[in-house]
Amino acid sequence: MYTLDVGEESITLRPEGTAPVCRAYLEHGMHKRAQPVKLWYFSSFFRRERPQKGRFRQFWQIGAEAIGSDDPAVDAESILLLAELLEALGCRGVRLKIGSLGTPETRRAYRADLQAFLREHAPELAPEVVARIDLNPLRAFDSDHPGTQVVMEQAPRLLDRLNDEDREHFATVRELLDVVGQAYEVDATLVRGLDYYTRTVFEFTSSALGAQSGVGGGGRYDGLMEQIGGAPTPGIGWASGVERMLLTASAVPAAGPPLDLFVAYAEPELRAAAFRLAADVRRAGRAARVELGGRSLKGQLKQADRAGARYVAILGDEGTSLRDMETGAQQVVETGTVMHHITRSEL
Ligand code: HAM
């Protein structure tokens, strides 16, 4: 997190939106409304991480939370909402992984068992995995060290340790996803970066992203409300990174919008007339650029070509020439009729 001293105050930039939404639920007495209460947000967040492709220190998230019910149908509905959003955006190569973390007690007991298992097999494990046994034993599942991978195939899994209620809850979530034909993979070692999760966790990844393959994810946080001072209240939700959604979306053009007209001028005295023509074309709803770099006419034409302009208007002493960059046709026209020619594709 980013924590800054501002005068007497210490300020921390928010890293995520779930805890703030839970605080809003408490402060506004939303337990009095019909449960679950469904809330959403679209905002910027800050994390002190090493930037790389798809990982920024300031980024945007869209998120949705449903607070006040532990019904597995809320889990399934929440997952489906994000699946449909990613689908509507045309995000490519998307896969859904789901898992269940059970209760904190189950997790504590499991963690101790996993640590004992790892210590027993320490000689076969990668040194960095051994070094992390105390702090983060679950990371052993992500190791690409061949010896470690062999050992981890036999390692105890949290999913097999769930109590009856949690196991049934997870089975119902899967059944509801099956009913609507939502594809998913059960990932017994799905770990999420935040501490508050209980029961269902999920993540959408995309093959169109690099190492930071998570597009969006979330899960249940049935203990969070108590942690921040409220009555025990179940909740579930997700957040999706807006930059990552855009990076994976096929609908986003690689280049900018098409340029309808580039206005070039042969003499400096014609700058105002050129400026005015570009402004008129923009006011009429078309994309126009005018020469802004004081280039020679030849340089301007090169620039128009590079910008992918559909038409170029060249203002000169002899009048205005309009060139169709697709066909190469060129014609002297009245400056006031340029827009007319462009819209009718007439030259
Ligand atoms: P998260 O997995 O930490 O979950 O973040 C959700 C999404 O935010 C990620 O999948 C990713 O797309 C985007 N994201 C995270 N960090 C960065 C970054 N440094 N640069 C760009 N994008 C990033 C949460 O934040 C939970 N609050 C989600 C949740 C809601 N769980 C329950 N309710």
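Below, the structure is looked at part by part. Counting of residues starts from 1 at the beginning of each chain's written sequence and follows it residue by residue. Local features are withheld for residues below a pLDDT of 70 in this predicted model, meaning they are given only at 70 or higher, and side-chain atom pairs are given and counted only at 80 or more; totals for whole chains, interfaces and linings count all residues. Hydrogens and water molecules were not included; the side-chain quantities draw on all heavy atoms of the structure.

Considering the site of the ligand
Among the 27 residues in the neighbourhood of the ligand, the closest are listed as E16, E49, F56, Y197 and V215. For the ligand, an oxygen atom lies 2.9 Å from a polar atom in the side chain of R47. Only the protein chains shown count as cover for residues, with accessible areas throughout obtained via the Shrake-Rupley method and a probe of 1.4 Å. When the ligand sits alone it has 660 Å² of accessible area, and the protein chains cover 95% of it. Think of it this way: any DSSP run of H or I at least four residues long counts as a helix, any run of E at least two long counts as a strand, and we number them from the N terminus. Within the residue set of the shell around the ligand, elements represented by two or more residues are β4 (58–67), β8 (214–220) and β9 (235–241). Here the shell around the ligand gets 6 residues from one element, more than from any other, and that element is β8. All amino acids are sorted into three groups, where Ala, Val, Leu, Ile, Met, Phe, Trp, Tyr, Cys and Pro are nonpolar, Asp, Glu, Lys and Arg are charged, and the leftover types, Gly among them, are polar. Looking at the shell around the ligand, its residues break down into 10 nonpolar, 10 polar and 7 charged. If a single non-hydrogen atom of a residue is within 4 Å of a molecule or strand, that residue counts as near it. Nitrogen and oxygen atoms within 3.5 Å of one another constitute a polar contact, given that in protein one can donate a hydrogen and the other can accept it, and given that sequence-neighbouring residues count only through two side-chain atoms.

Thoughts on helix α6 (residues 164–179)
Every helix has an expected span of 1.5 Å times one less than the residues it contains. Spanning 16 residues, α6 covers 22 Å between terminal C-alpha atoms, matching the ideal 22 Å at 1.5 Å per step. Burial here depends on accessible area, computed with a 1.4 Å probe over protein chains only, as a share of the maximum for the residue type. Under 20% is buried, over 50% is exposed, and the range in between is partly exposed. Considered for burial, the residues of α6 that qualify are D166, H169, F170, V173 and L177. Angular distribution of buried residues about the axis of α6 spans 95°; they occupy a single face of the element. Opposite the buried face of α6, at more than 90 degrees from it, the exposed residues are D164, E165, E168 and V179. If you follow the buried residues of α6, they end up packed against α2 (72–88), β5 (94–100), β6 (185–186), β7 (198–206) and β8. Of the residues that open α6, the one with a side-chain oxygen 3.2 Å from the backbone nitrogen of E165 is N163. Trailing α6 by a residue or two, G181 shows a phi angle of about 75°, which is positive. This arc describes the spread of directions from the helix axis toward the C-beta atoms. Any two residues whose heavy atoms approach within 4.5 Å at even a single point are treated as in contact.

Describing the environment of T337
Its place among the elements puts T337 in the loop between β14 (330–333) and α11 (338–344). Put simply, T337 and T320 are 17 residues apart on the chain and 10.0 Å apart in space, counted from C-alpha to C-alpha. One polar contact links the side chain of T337 to the main-chain carbonyl oxygen of E334, over a distance of 2.8 Å.

Details of the sheet that holds β7
Where strands meet in a sheet, backbone hydrogen bonds hold them as pairs that are either parallel or antiparallel. Spatial strand order, β3-β4-β9-β8-β7-β5-β6: 7 strands in an open sheet with mixed pairing. Single-partner strands in this sheet number two, and they are β3 (37–46) and β6. Pairing analysis gives 7 bridges linking β4 to β9, with the strands arranged antiparallel. Opposite A66, over in β9, you have I236 as the bridge partner. Axis lines are fitted through C-alpha atoms, for helices just across the contact stretch, and the angle between N-to-C directions can take any value from 0 to 180 degrees. Along the sheet face, helix α1 (residues 18–27) touches β3 and β4 and points at about 45° away from the line of β4. Here, any two strands with at least 2 DSSP bridges between them count as paired.

Remarks on the packing of α2 against α6
For the pair α2 and α6, interaxial distance at closest approach is 8 Å and the crossing angle is 45°. Comparing their axes, α6 and α2 come out oblique. Two packed elements cross with a definite hand, and for α2 against α6 that hand is right-handed. Residues P72, A73, D75, A76 and I79 of α2 lie in contact with α6, whose contacting residues are H169, T172, V173, L176 and L177. Any angle from 65 to 115 degrees is called roughly perpendicular, while one under 35 is roughly parallel, one over 145 is roughly antiparallel, and all others are oblique. Handedness of a crossing is defined here by the sense of rotation of the near helix relative to the far one, left-handed for an anticlockwise turn of less than a right angle and right-handed for a clockwise turn.

Here we look at the environment of A116
By the secondary structure assignment, A116 is in helix α3 (residues 104–120). Its relative accessible area of 39% is what places A116 among the partly exposed residues. The spacing of A116 and P137 is 21 residues in sequence and 9.9 Å in space, taken between C-alpha atoms.

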